[in-house]
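Coordinate analysis (summary)
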Amino acid sequence: MTINNFTLQTAGGPANLPLDLTERLKEYYQRYTNLKVIPSGGDLVLEGAIAGYDLVAVAPTATDQAGLNRLQITVQVRFTNNKDDTKSFEQPFSFYQDFPQNQTLSQNESRLVPKILDQIILDVFNKTAADW
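Nothing here was measured: the structure is a model prediction, and the numbers come from that model. (Residues numbered from 1 in each chain as written. Predicted model: local features only at pLDDT ≥ 70, side-chain atom pairs only at ≥ 80, totals over all residues. Heavy atoms only, no water.)

Under the definition given, this model contains eight salt bridges. The residue R78 makes a salt bridge to E47 at a minimum N-O spacing of 3.4 Å. A residue pair is termed long-range when its members are at least 10 positions apart, and R78 in strand β4 (residues 66-81) and E47 in strand β3 (residues 44-60) qualify at 31 residues. A residue is classified by how much of its surface remains accessible, and R78, at 35% relative accessible area, is partly exposed. Taking the shortest distance from any N to any O, the salt bridge between K87 and D84 comes out at 3.9 Å. K87 sits in the partly exposed class, given a relative accessible area of 37%. (Salt bridge = Lys/Arg side-chain N within 4 Å of Asp/Glu carboxyl O. Helix = DSSP H or I, 4+ residues; strand = E, 2+ residues; numbered from the N terminus. Buried < 20%, exposed > 50% of the residue type's maximum accessible area, 1.4 Å probe, protein only.)

Before going further, it helps to spend a moment on the nonpolar core. Counting 28 residues, the largest nonpolar core has L25 and L46 as its most contacted members. Those elements that provide at least two residues to this core are α1 (17-32), β3, β4, β5 (89-100) and α2 (105-129). A per-element tally of this core places α2 first, with nine residues. Discounting chain neighbours no more than four positions away, the residues touching L25 are I3, F6, L46, I121 and V124. (Core = buried A, V, L, I, M, F, W, Y, C linked by side-chain atoms within 4.5 Å. Contact = heavy atoms within 4.5 Å.)

Moving on, we come to the environment of I120. Mapped onto the secondary structure, I120 falls in helix α2. The exposure class assigned to I120 is buried, which follows from its relative accessible area of 1%. In this structure, the C-alpha to C-alpha distance between I120 and F95, residues 25 residues apart in sequence, is 6.4 Å. In contact with I120, other than residues within four places in its own chain, are I73, V75, F93, S94 and F95.

Here we take up α2. Spanning 25 residues, α2 covers 33 Å between terminal C-alpha atoms, matching the ideal 36 Å at 1.5 Å per step. Listed in full, the buried residues belonging to α2 are N108, L112, V113, I116, L117, I120, I121, V124, F125, T128 and A129. (Expected span 1.5 Å × (residues − 1).)

Aromatic ring pairs are described here by two measures, namely the spacing of the ring centres and the angle between the planes. Across all of its chains, the model carries six aromatic pairs by this definition. Ring plane angle 70° and centroid distance 5.0 Å describe the contact between Y28 and F125, whose orientation is recorded as edge-to-face. Taken together, the positions of Y28 in helix α1 and F125 in helix α2 put the pair 97 residues apart, joining distant regions of the chain. A residue is classified by how much of its surface remains accessible, and F125, at 12% relative accessible area, is buried. In textbook terms, an aromatic cluster arises when at least three aromatic residues are bridged by ring pairs, as seen for Y28, Y29, Y32 and F125. Sitting over the face of the ring of Y96, R70 holds its NZ or CZ atom 3.7 Å from the ring centroid. One residue, K127, lies across the ring of F89, its end atom 4.9 Å from the ring centre. (Phe/Tyr/Trp six-rings, centres within 6.5 Å; stacked < 30°, edge-to-face > 60°. Lys NZ or Arg CZ within 6 Å of the ring centre and 35° of its normal.)

Listed below in structure tokens is the structure:
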């Protein structure tokens with residue numbers, strides 16, 4: 001399996017976000033499959049980009065303020081199965097975490113980003129490796 005470096009195609013987010021996502025994906029596949037992750041030429045290829053890093057106000061209150069803020073990360077993933085092209089796909093994967101409106105993103109980012117990435121990685125893994 002080859003996991004190419006993910007890129008950042010959106011404003012915002014930590015500078016190391018694409019590298020962090022790529023390395024977490026490699027570790028996950030090595031830990032939970034018997035696949036060998038190689039630099040290039042894999043039978044399975046996973047690549048993509050972080051397409052969204054959005055902060056959205058949710059849960060409006062009576063005073064027209066948001067009760068919660070939501071950090072949502074979207075990753076556009078392209079999976080190529082060189083042995084069975086019918087299993088190849090390209091699709092976005094997205095997940096979010098909420099935090100109180102009286103706190104800033106910088107206060108919560110280091111706690112929320114790993115949780116969001118963990119869920120996205122799990123979703124990508126389930127979509128690519130569900131039938132093994």
